[in-house]
Amino acid sequence: MWAFNPSIPPIKREMPSRYRLEGFECHDCGFRSLPPRQVCPRCGSRNVSRVRLPRRGRVLQHAVVHSAPRGYEFYTPYVLALIELEDGTRIFSQLTDVDPEEVTQGMEVEAVLRKVRVGGHGGPVAYGLKFRPVLER
Amino acid sequence: MREVYVIGSGLTKIGNLWDKGLRDLAVEAGLAAMEEAGVESVDAVFVGNMMSGILNAQENLGSYVADYLGLSGVPAFKVEAACASGGAAVVSAAMAIKSGLFDRVLVVGVEKMSDMTATEDVTSALATASEADYELFWGASFVSLNALIMRAYAQRYGLKEEDFGWMPILMHKNASDVPYAQLRFPITMEAYLSSPKIADPIKLLDSAPMGDGSAAAVLSASERRDGEGISVALVGFGSATDAMALYTREDLVELKGAKLAAKRAMEMAEVTPRDLQVLEVHDAFSVMGYLNLEALGVVEPGKASRLIESGDADRSGSLPVNPEGGLKARGHPVGATGVYQFVELYRQLSGRAGPAQAGSPELGAAMNVGGTGSNVVVTILRRVS
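Quick caveat: nothing in here was measured; it's all calculated off a predicted structure.

Asks: What exactly am I supposed to notice about unusual backbone geometry here?
Replies: Note the cis peptide between T76 of chain A and P77 of chain A, where omega equals -10°. Assignment of secondary structure puts P77 of chain A in the loop between β4 (56-65) and β5 (78-85). Not every positive phi belongs to a glycine, and A57 of chain B is a case in point at roughly 55°. Along the polypeptide, A57 of chain B turns up in the loop between α2 (52-55) and α3 (61-68).

Asks: Help me out: how do you make sense of the domain arrangement of chain A in this one?
Replies: Interface size, as often reported, equals the accessible area lost upon joining of the parts. All names here are of chain A. Entries for chain A in the domain assignment read domain 1 (20-53) and domain 2 (54-137). Just the C-alpha atoms count here: the centres of domain 1 and domain 2 sit 23 Å apart. Across the boundary between the two partners, domain 1 contributes seven residues, which contact eight residues of domain 2. Overall, the association of domain 1 and domain 2 removes approximately 570 Å² of surface from exposure, summing both partners, and the carbon and sulfur fraction of that is 70%. Among the residues of domain 1 in contact with domain 2, L21, R32 and L53 are the three that bury the most area, contributing 77% of the side total. Seen at the junction of domain 1 and domain 2, the total is one salt bridge. Notably, a salt bridge pairs D87 with R32, separated by 2.5 Å at the nearest N-O pair. Here domain 1 and domain 2 share one residue pair in polar contact (both at pLDDT 80 or more) between them. Its residues assigned to classes, the side of domain 1 that touches domain 2 comprises three nonpolar, one polar and three charged.

Asks: Got a minute to help me understand the packing of helix α7 (residues 166-175) of chain B against helix α10 (residues 286-295) of chain B in this structure?
Replies: The axes of two packed helices give the description: the angle between them and the distance between them. All names here are of chain B. At a minimum axis separation of 8 Å, α7 and α10 run at an interaxial angle of 90°. Regarding the angle of α7 to α10, the classification is roughly perpendicular. Contacts between α7 and α10 involve W166, M167 and P168 on the former and, on the latter, S286, G289 and Y290. When grouped by side-chain class, the residues that make up the contact of α7 with α10 number four nonpolar, two polar and no charged.

Asks: What is the right way to read the environment of E250 of chain B from this model?
Replies: Its location among the elements puts E250 of chain B in the loop between β8 (231-241) and α9 (256-269). In this structure, the C-alpha to C-alpha distance between E250 of chain B and S305 of chain B, residues 55 residues apart in sequence, is 24 Å. Apart from the residues lying within four places of it in its own chain, the contact partners of E250 of chain B are R42 and R90 of chain A together with K256 of chain B. A polar contact of 3.1 Å, which involves the side chain of E250 of chain B, links it to the side chain of K256 of chain B.

Asks: What am I meant to see in the packing of helix α4 (residues 85-98) of chain B against helix α13 (residues 334-349) of chain B here?
Replies: Residues and elements named next belong to chain B. Contact pair α4 / α13: the axes reach a minimum separation of 5 Å and the direction vectors enclose 60°. In terms of orientation, α4 lies oblique with respect to α13. Residues S85, G86, G87 and V90 of α4 lie in contact with α13, whose contacting residues are G335, G338, V339 and F342. For the contact of α4 with α13, the residue count by class is three nonpolar, five polar and no charged.

Asks: I would appreciate a short explanation of the interface of chain A and chain B in the present structure.
Replies: Opposite the 40 residues of chain A that make contact, chain B presents 35 residues. Summed over both partners, the interface of chain A with chain B buries about 3400 Å², with 61% contributed by carbon and sulfur atoms. Viewed at the interface, chain B and chain A are joined by three salt bridges. Linking chain A with chain B are 20 residue pairs in polar contact (both at pLDDT 80 or more). Those elements giving two or more residues to the side of chain A that touches chain B turn out to be α2 (15-20), β4, β5, β6 (90-95) and β8 (125-133) of chain A. Residue composition of the side of chain A that touches chain B, grouped by class: 22 nonpolar, 10 polar and eight charged. As paired strands, β4 of chain A and strand β5 (residues 197-200) of chain B are joined by two bridges and run antiparallel to one another. For V64 of chain A, the partnering residue across the bridge sits in β5 of chain B and is D200 of chain B.

So, how was this worked out
- Residues numbered from 1 in each chain as written.
- Chains lettered and ligands numbered in written order.
- Predicted model: local features only at pLDDT ≥ 70, side-chain atom pairs only at ≥ 80, totals over all residues.
- Heavy atoms only, no water.
- Helix = DSSP H or I, 4+ residues; strand = E, 2+ residues; numbered from the N terminus.
- Domains from an automatic or database assignment.
- Contact = heavy atoms within 4.5 Å.
- Buried area = accessible area lost by both parts, 1.4 Å probe.
- Salt bridge = Lys/Arg side-chain N within 4 Å of Asp/Glu carboxyl O.
- Polar contact = N/O pair within 3.5 Å; in protein donor to acceptor, adjacent residues only side chain to side chain.
- Nonpolar A, V, L, I, M, F, W, Y, C, P; charged D, E, K, R; others polar.
- Axes fitted to C-alpha atoms, helices over the stretch in contact; angles between N-to-C directions.
- Parallel < 35°, antiparallel > 145°, perpendicular 65-115°, else oblique.
- Pairing = 2+ DSSP bridges.

Given below as structure tokens:
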């Protein structure tokens, strides 16, 4: 039996991106993405810095998972989504608090901290920012 | 620069081969290729494989395969590029011959998947082709990433559900008389449309099966003509990378790496897409097969389904595609797939494809895709007579 089991070190290491949406911004071409990088993948510039990305956006594309990798079976069916944040940055995450059937393209969503993965029996619990539909204002 | 010829090939049946282990498969294909080539030794071995560390607790595959082939002492390497591992092994071997360092090299692609008896385990292992911390972490499977691509592709070109059915229908039809294929039965559009969704909108019948298998080829700097004076040369190859994670790409439905790899291979071979007479494409999912055809430049973007539906891609058509059934029906033993494609192309060009023989093509290409297009290999073979 094999599964992707995040251990404590990578969970800790990735916290800034997964809890606070700390990404990077290229000062030459303007490209923004998660996680932080030292070199811009679009233009090759090293003139980059860390940036906090906005916590709201909209669903660009989504897929509903019925057959999950080991460790994620409990959550099926769950929705994976390509999300465009308010500043245009595209990130990948799970949608939550929504029926898979009700997900629509362009749906407005906001980040919310949720449990993502329980690492086996007694293993560490990994959290991250999932996205839920923006409630009526 | 030196030429590279294919002088022998071998392959095993694909399926859940409970009685055969990783080494049994590699040895069966490897020995068959060396026997067909008429050689008892090679200068080096390149093994294409993706997941032996996870699935079989066996790495160091260069030494492992060389040892069981009775070739201990030769230089041997494992080459990994996710589902393009087989193609990457072929290209590595070709580079070694072109460099002048080796004259004769054995390439073995092998994947033993059924030792993991639960689908979830293999799904997890396959997902390591994506980015662990930012795709796999969220529960992304390989299928779900391709589902995002399929949805975007269908929307871009206004395609309906049934437009994606033509690919698997042709693949199953082609594989039905291929002795080593995994799924040797035809399917109907009705069956396609009603098959269960595994990651909406991808259906079970859009997806290649999991299976064990091994394919091998002997590459050589010297030509070896058969009884009819025919030989086959590897006249072009190219490989390329694209953004690792799907979400960082500018466009979900453009396989930049595939286009680059195709361009490089065609430039080396000095051919254009119009010159190609038979194709082996990477239809791990129906949409991926279509994107391959478009990246190769043989159809306009969005028109691949029509090429298949029209019958032009049949064995008897003007541009046969995957005459042996492709990944969908011949099977997709991941790290071996690129070598299966290469061997099938070689057999098509040398007239040795048996029931799958699609006319008598002189020039053909194979496209082997790793990840969601993050690593792509294209090889072009030409018949010399």
